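Secondary and tertiary structure notes
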Amino acid sequence: MAIHIQGIRTQRIDLQLRRPLRTSFGQIVEQHVLLVRTLDTDGVEGVGEACVMGGPYWNAETIEGTLATVARYAAPYLKGRRFENLSEYSRALHRLFRGNGAARTALEMSFLDLAGKKSGRPAVELLGGARRTSIPVAWTLDSGNLADAIADGERAIEERGHRLLKLKVGIDDTNAEVAYVGAIARRFEGRARVLIDANQAWAAGDALDILTRFHDVGVAVAEQPIAAHDMETMARLVRECPIDILADEALTGPAVAAQFAAAKSASGFALKPQRDGGLMDTLATAAAAEAANLRCYGGTMLETSLGTAAVAAVCAAVVDLSWGSELFGPLRLAADITTTSLVPRAGVLELPTGPGLGVTLDEDRIRRLELK
Ligand code: MUC
Ligand code: MG
């Protein structure tokens, strides 16, 4: 069913985090959200979102730049055009502009929601079909106060059944971090595995020793331990390090993902549409992982329940999701923009089954939150 675009409009929203997220690249306290609404000539509207954690800190994107790409450069070009499906739409966006994965993700998400609503089909069907309908979700413990982190972990496991705990590292003294993460791994041994994420913090020459120390205290998997560009050291870590090494910031599109897969510069990929270049590029990134028999992990940019529903649909469609996901954005944001929040129960997120993204926007709250 072709989509004939009548117009695209945007809304800016800032959401606070329930509590700051300490990372090796700084402390994140707010989420910048851009809603993208695509209206077709039949009056049906699809909605997507882009999220940037505060500013150009996790990667080079800002929500202001994303807004400019969507409103100034993409919307005027797309107005009045007709597209048969998401794949054709995605190719048109790739021809139109370079980079700006957050903008392309929001535009593709909006088109996917619209196409699903028009056809009465859930997003996952338009992405190739569901290989799973329950997505495991990790929980992220803060790296600051051990007693608080343990209490938070006990509550999270008790109330939501998480089986993977994520901790940000590369922030403080390594000896202190190894001791801190080790205490948590021991506390939850047999109930939850531990994933650490250094967000590129460690020097190439130090990473093997540091990761081996984290392995020795019970860590199962590490995300992006070193600089995104350093494929050679990542390949050495995969060969010599006893725990799984997930590439995250490094994977800036399917072509880079294919290089990392061919060079065995990761034992797994974190999947992130905004970083990959859009929803279709995440499917291509996951295909590169499958071709090289790598494991995948559904990453987060702390999306609201709208974005979470879209990334969950992608996570449901990809071949491998051995490491589950970290789709805990709605649990970390102080407010949501849907009438019900997508949060895990018994450790998993159930994929929405309604047409499109399958969530209902809280339009009153959005109006109140919108930055004028
Ligand atoms: C990442 O994996 O680098 C957003 C929340 C979180 O826990 O990590 C970041 C993304
Ligand atoms: Mg990461």
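Read on for a plain summary of the structure. Just so we're clear, the structure is a prediction, and the values are computed from it rather than from any experiment.

**Some remarks on the layout of surface pockets**
Its volume calculated, the largest pocket comes out at about 330 Å³. Gly99, Gly101, Thr252, Gln274 and Arg275 are, among the 23 residues lining the largest pocket, the residues nearest its centre. Elements supplying a minimum of two residues to the lining of the largest pocket: α3 (101-119), α9 (254-262) and α10 (273-276). A total of three residues in the lining of the largest pocket trace back to one element, the largest contributor, which is α10. Class assignment for the residues of the lining of the largest pocket results in six nonpolar, 10 polar and seven charged. Both domains that meet at the lining of the largest pocket, namely domain 1 (3-120 + 363-369) and domain 2 (126-350), each give it at least three residues.

**Here's the deal with the packing of helix α6 (residues 174-187) against helix α7 (residues 204-216)**
Put simply, α6 and α7 touch, their axes get as near as 9 Å, and they point 25° apart. Of the possible angle classes, the one that applies to α6 and α7 is roughly parallel. Handedness of the α6/α7 crossing: right-handed. Contact residues: α6 offers Thr174, Asn175, Glu177, Val178 and Val181, while α7 offers Ile210, Arg213 and Phe214.

**Quick look at helix α11 (residues 279-291)**
End to end, α11 covers 19 Å across 13 residues, agreeing with the expected 18 Å (1.5 Å per residue, within 8%). Those residues of α11 not exposed but buried are Leu279, Asp281, Thr282, Leu283, Thr285, Ala286, Ala288 and Ala289. The first or second residue beyond α11 is Asn293, which carries a positive phi of 55°.

**As for the site of ligand 1**
Residues in close proximity to ligand 1 total 14 residues, the closest being Trp58, Lys166, Lys168, Asn199 and Lys272. In the environment of ligand 1, an oxygen atom lies 3.0 Å from a nitrogen or oxygen atom belonging to the side chain of Lys272. Contact between ligand 1 and Glu326: an oxygen atom at 3.3 Å from a side-chain N or O atom of the residue. Computed on the free molecule, ligand 1 has an accessible area of 280 Å², of which 100% lies beneath the protein chains in the complex. Taken atom by atom, the bulk of ligand 1 overlaps the largest cavity. Residue composition of the shell around ligand 1, by class: five nonpolar, two polar and seven charged. Looking at the shell around ligand 1, you find at least three residues from each of domain 1 (3-120 + 363-369) and domain 2 (126-350).

The rules we used
- Residues numbered from 1 in each chain as written.
- Chains lettered and ligands numbered in written order.
- Predicted model: local features only at pLDDT ≥ 70, side-chain atom pairs only at ≥ 80, totals over all residues.
- Heavy atoms only, no water.
- 1 Å grid on protein atoms, 1.4 Å probe; cavity = no way out; pocket = protein on both sides within 12 Å on 5 of 7 lines; lining within 4 Å.
- Points joined across faces, edges and corners; volume = space filled by probe spheres on them.
- Helix = DSSP H or I, 4+ residues; strand = E, 2+ residues; numbered from the N terminus.
- Nonpolar A, V, L, I, M, F, W, Y, C, P; charged D, E, K, R; others polar.
- Domains from an automatic or database assignment.
- Axes fitted to C-alpha atoms, helices over the stretch in contact; angles between N-to-C directions.
- Parallel < 35°, antiparallel > 145°, perpendicular 65-115°, else oblique.
- Left-handed = near helix turned anticlockwise from the far one by under 90°.
- Contact = heavy atoms within 4.5 Å.
- Expected span 1.5 Å × (residues − 1).
- Buried < 20%, exposed > 50% of the residue type's maximum accessible area, 1.4 Å probe, protein only.
- Near = heavy atom within 4 Å.
- Polar contact = N/O pair within 3.5 Å; in protein donor to acceptor, adjacent residues only side chain to side chain.
- Areas by Shrake-Rupley, 256 points an atom, 1.4 Å probe, with all protein chains shown as cover.
- Sits in = over half its atoms within 2 Å of the grid points.

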